[in-house]
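Structure assessment
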Amino acid sequence: MDKLSVLNEFFGHRAFRKGQEELIDHILSGSDVLGIMPTGAGKSLCYQVPALLLSGTTIVISPLISLMKDQVSALLSSGVSAACINSSLTPEEYSDTMYRACRGEFRLIYVAPERLGTQEMNRLVSSVRIPMVTIDEAHCVSQWGQDFRPSYLHIAEFIESLPQKPVISAFTATATDTVKQDIIRLLGLREPFSLITGFDRPNLYFSVMNPDNKYAALRRLIGGFGDKCGIVYCLSRKSVEEVCEKLCADGFSATRYHAGLPDTERIANQEDFIYDRRRIMVATNAFGMGIDKSDVSYVIHYNMPKNIESYYQEAGRAGRDGSPAQCILLYSGKDVKTNEFMIEKSREENTDLSEEEKDIMLERDRQRLKEMTFYATTSGCLRESMLRYFGEKAPSYCGNCSSCVNGFEEVDITVDAQKIVSCVFRIKQKGRYYGKSMVIDVLHGSGNERVRSLGFDKLSTYGLMSDTPVQRIRAELDHLIMQGFLSFSGGEYPVVELTAQSARIVKDKITVRMNLPKEKPPQGRKRAEDSFYAKDELFEKLRKLRAKLAAEEKVPAYIVFSDAALRDMCRVRPTRMAVFLTVSGVGKKKAEKYGEEFCRLISEHISTHPDDDKPRG
Ligand code: ADP
Ligand code: MG
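The structure displayed is predicted, hence computed values, not measured ones. (Residues numbered from 1 in each chain as written. Chains lettered and ligands numbered in written order. Predicted model: local features only at pLDDT ≥ 70, side-chain atom pairs only at ≥ 80, totals over all residues. Heavy atoms only, no water.)

Applying the stated criterion to the full structure yields 15 aromatic pairs. The interplanar angle of 45° and the centroid separation of 5.6 Å between the aromatic rings of Tyr311 and Tyr375 together place this pair among those described as tilted. In this pair, Tyr311 is assigned in helix α12 (residues 308-315) and Tyr375 in helix α14 (residues 355-377), connecting sequence segments 64 residues apart. Relative accessible area serves as the criterion here: at 0%, Tyr311 is assigned to the buried category. Ring centres of Tyr389 and Phe390 lie 5.5 Å apart, and the angle between their planes is 75°; this geometry places the pair in the edge-to-face category. Stacked on the ring of Tyr433, the Lys or Arg Lys428 has its end atom at 5.3 Å from the ring centre. (Phe/Tyr/Trp six-rings, centres within 6.5 Å; stacked < 30°, edge-to-face > 60°. Helix = DSSP H or I, 4+ residues; strand = E, 2+ residues; numbered from the N terminus. Buried < 20%, exposed > 50% of the residue type's maximum accessible area, 1.4 Å probe, protein only. Lys NZ or Arg CZ within 6 Å of the ring centre and 35° of its normal.)

Bringing the pattern of salt bridges into the picture now. Under the counting rule described, the total for this entry stands at 34 salt bridges. In this structure, Glu540 engages Arg543 in a salt bridge whose closest nitrogen and oxygen atoms are separated by 3.7 Å. Within this pair, Glu540 and its partner Arg543 are both found in helix α23 (residues 537-553), separated by 3 residues, close to a single helical turn. With respect to burial, Glu540 and Arg543 carry one shared label: buried. Salt-bridge contacts for Glu552 lead to Lys548; the nearest nitrogen and oxygen are separated by 3.8 Å. Of this pair, Glu552 and Lys548 both sit in helix α23, 4 residues apart, which is roughly one turn of that helix. Accessibility expressed as a relative area gives 53% for Glu552, which makes it exposed. Note on Lys548: relative accessible area 40%, which makes it partly exposed. Ionic contacts of the salt-bridge type, sharing partners, join the residues Lys3, Glu21 and Asp25 into one network. (Salt bridge = Lys/Arg side-chain N within 4 Å of Asp/Glu carboxyl O.)

In total, this model carries 2 cavities of 30 Å³ or more according to the counting rule given. Of the volumes computed, that of the largest cavity is approximately 170 Å³. For the lining of the largest cavity, the element with the most residues is α12, which contributes 3 residues. Residues belonging to the lining of the largest cavity are distributed by class as follows: 7 nonpolar, 6 polar and 2 charged. Two domains each put at least three residues into the lining of the largest cavity: domain 1 (3-196) and domain 2 (204-406). (1 Å grid on protein atoms, 1.4 Å probe; cavity = no way out; pocket = protein on both sides within 12 Å on 5 of 7 lines; lining within 4 Å. Points joined across faces, edges and corners; volume = space filled by probe spheres on them. Nonpolar A, V, L, I, M, F, W, Y, C, P; charged D, E, K, R; others polar. Domains from an automatic or database assignment.)

Here we take up the domain arrangement of the protein chain. Split by domain assignment, the protein chain resolves into domain 1 (3-196), domain 2 (204-406), domain 3 (409-517) and domain 4 (536-608). Inter-centroid distance (C-alpha atoms) of domain 2 to domain 4 is 32 Å. Together domain 2 and domain 4 conceal approximately 880 Å² of surface at their shared face, both sides included; 47% is due to carbon and sulfur atoms. The tally of links from domain 2 across to domain 4 stands at 1 salt bridge. (Buried area = accessible area lost by both parts, 1.4 Å probe.)

The next point concerns the site of ligand 1. In the vicinity of ligand 1, 14 residues are found, and the nearest of them are Ala15, Gly40, Lys43, Ser44 and Arg320. Within the backbone of Gly42, an N or O atom sits 3.1 Å from an oxygen atom of ligand 1. Here an oxygen atom of ligand 1 sits 2.8 Å away from a polar atom, N or O, in the side chain of Lys43. Taking 580 Å² as the accessible area of ligand 1 by itself, protein coverage stands at 82%. (Near = heavy atom within 4 Å. Polar contact = N/O pair within 3.5 Å; in protein donor to acceptor, adjacent residues only side chain to side chain. Areas by Shrake-Rupley, 256 points an atom, 1.4 Å probe, with all protein chains shown as cover.)

Of all hydrophobic cores here, the largest spans 104 residues; its most connected members are Ile135, Phe206, Phe561, Met569 and Phe598. No other element matches helix α27 (residues 588-608), which puts 7 residues into this core. Apart from the residues lying within four places of it in its own chain, the contact partners of Phe598 are Leu542, Leu545, Arg546, Leu549, Phe561, Leu566, Met569 and Phe580. (Core = buried A, V, L, I, M, F, W, Y, C linked by side-chain atoms within 4.5 Å. Contact = heavy atoms within 4.5 Å.)

Turning to the sheet that holds strand β6 (residues 167-172), a few remarks are in order. Spatially, β3-β4-β2-β5-β6-β1-β7 is the arrangement adopted by the 7 strands of the open sheet, whose pairing is parallel. Both edges of this open sheet fall to β3 (82-85) and β7 (193-196), since each of them pairs with a single strand only. Shown here is a sheet whose adjacent strand axes are inclined to one another by a mean of 15°, direction ignored. Bridge count for β3 against strand β4 (residues 108-111) is 4 bridges, and the pairing is parallel. Note on β4: the bridge partner recorded for Ile85 is Val111. (Pairing = 2+ DSSP bridges. Axes fitted to C-alpha atoms, helices over the stretch in contact; angles between N-to-C directions.)

Spanning 17 residues, helix α13 (residues 333-349) covers 25 Å between terminal C-alpha atoms, matching the ideal 24 Å at 1.5 Å per step. Those residues of α13 that fall on the buried side of the exposure criterion are Asp335, Val336, Asn339, Glu340, Ile343 and Arg347. Burial along α13 is one-sided: seen end-on, the buried residues are contained in an arc of 140°. Exposed and facing more than 90 degrees away from the buried side of α13 are Lys334, Lys337, Phe341 and Glu349. Those residues of α13 that are buried lie in contact with α9 (214-224), β13 (325-330) and α14. (Expected span 1.5 Å × (residues − 1). Arc of directions from axis to C-beta.)

A positive phi angle, close to 35°, is found at Glu191, a residue other than glycine. Although it is not a glycine, Asp276 sits at a positive phi angle of roughly 65°. If you trace the backbone, Asp276 turns up in the loop between α11 (263-274) and β11 (280-283). The exposure class assigned to Asp276 is partly exposed, which follows from its relative accessible area of 22%.

With that out of the way, let us pick up the packing of helix α2 (residues 20-28) against helix α3 (residues 43-53). Relative orientation of the contacting elements α2 and α3 amounts to 40°, with a least axis distance of 9 Å. Here α3 runs oblique to α2, going by the angle between their axes. Of the two elements, α2 crosses α3, and the hand of that crossing is right-handed. Residues Gln20, Leu23, Ile24, Ile27 and Leu28 of α2 form the contact with α3, whose participating residues are Leu45, Cys46, Val49, Pro50 and Leu53. Residue composition of the contact of α2 with α3, by class: 9 nonpolar, 1 polar and no charged. (Parallel < 35°, antiparallel > 145°, perpendicular 65-115°, else oblique. Left-handed = near helix turned anticlockwise from the far one by under 90°.)

Put into structure tokens, the structure is as follows:
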């Protein structure tokens with residue numbers, strides 16, 4: 001068998017995605033690999049396909065039990081023999097799995113890193129050939145990765161102890177260079193083939209909103225999503241509780257997840273979401289790693305997270321199967337303060353770092369927060385801003401984010417820039433620098449008590465921009481900071497300061513331009529949303545059938561078929577097995593198992609809807 005037939009027969013896909021084939025080829029030729037690809041890019045197949053082609057049992061080291069369980073059920077349903085070894089097994093299950101493992105019955109075994117040194121593991125690796133060791137979520141090895149796990153440090157030792165040196169393949173979605181170097185060094189990869197695919201996820205629609213009433217906005221958004229499922233992320237446990245309670249009171253099918261809940265409840269809530277018994281998960285960032293639910297249609301951030309890495313990781317849990325999905329950030333200025341507070345607090349909690357290291361981390365965290373805030377307030381293309389942050393070049397118009405859809409235009413802000421910079425200068429003349437809000441208040445001519453008590457209402461720049469909306473002044477101020485014409489830094493109370501570049505605005509009077517949203521959204525937007533919400537009758541029927549089969553087998557619906565596969569069925573409309581097999585996501589095993597029922601349903605639908613597009617199968 002070759003790699004394409006494996007892809008086809010077991011996983012039902014016609015072609016490899018970007019990067020997958022190269023990584024697989026290198027593994028098969030015996031080289032260590034490091035694959036850095038965004039969430040949902042399809043990293044699993046990069047080691048699962050070779051595991052089916054190499055002789056012996058591939059060991060996959062994976063940090064979370066839920067993640068392993070999910071992967072193993074997906075593999076089993078595709079006809080691949082696999083098992084996991086972790087603390088969730090009963091003693092009987094454990095010894096049975098070990099017995100079968102030692103007989104070489106599995107193509108892949110998923111193991112938690114904590115299990116690596118055990119006697120049973122040693123027996124296993126001496127009784128079967130281990131052609132490859134795969135480390136999933138490999139950033140867990142690095143202190144600088146977001147989910148550092150000390151037990152990951154023992155992996156190299158374990159690999160050393162194997163009778164035969166296996167191929168090592170490591171995968172992560174974290175692209176920073178420090179993390180990459182740590183992975184190579186700490187896992188002992190030998191001249192690995194590294195591949196970083198682009199971070200763009202074209203199927204995700206990004207949007208930032210700045211609503212006056214967040215909950216009202218959330219309710220409206222979720223209402224519009226109908227019975228699609230989604231995740232709502234909040235910054236604190238308290239707001240998880242509040243938001244979840246309100247949603248339930250408003251009749252939505254919501255559940256919650258945060259580290260303060262008892263283990264049993266947390267796990268039960270997670271399963272309710274995965275098995276579609278609850279449609280909405282309200283959670284802190286504790287939720288999500290290891291959730292491979294592929295049919296999440298939206299991720300709404302009720303608060304702005306502390307950095308773009310976290311945001312992209314969390315938002316990226318939407319649309320994993322490639323279907324269109326939305327990532328919406330509900331931003332408010334208060335989120336910045338809350339994050340600053342949490343960053344300070346975590347500095348004190350990092351007790352195993354030296355003072356100097358703590359300061360470096362603190363500075364880095366602050367810088368990251370600033371970049372996140374920029375994303376939340378930019379009027380330029382959101383996708384561009386994000387990709388640029390990850391070091392990728394991107395066009396300044398993507399057509400699939402709120403900035404691009406609403407449209408923006410390049411505006412000459414030279415005069416406003418002069419007003420803003422002079423205002424900062426005047427404020428400083430009175431004694432010292434102040435924060436952004438003060439600068440904006442003075443320019444806008446706020447009657448605010450503090451402005452008056454400091455005598456700022458006497459400044460020549462007071463009220464100079466009273467006709468300009470506060471939002472716009474803020475956007476322009478942020479733009480000047482990002483361009484280096486002003487700076488915004490300092491400890492607990494960051495202040496807006498002049499820089500060496502400021503003179504270019506007031507003395508040299510250079511032209512300054514920036515992208516600002518167009519006043520009126522164009523017509524196109526409505527239609528894009530309509531089609532996103534549009535329900536397809538056949539799709540709904542297929543979904544019901546899928547739910548029924550999933551319930552019978554006690555697996556999550558997306559293990560039976562992904563939304564993307566159902567959508568492809570709507571397109572192809574197969575009524576015969578041979579055609580059913582051409583649907584993306586339908587492999588041999590699944591066709592045998594489900595083909596007949598789906599084909600029957602589709603024939604029925606076609607016979608009662610003769611006016612629909614001509615069927616192809
Ligand atoms: P990652 O681990 O990179 O976040 P996964 O391995 O979980 O991503 O894959 C995400 C989704 O992409 C899965 O639903 C999977 O079936 C789908 N997928 C992966 N490779 C392909 C492919 N070559 N063609 C079509 N779909 C694919
Ligand atoms: Mg993965």
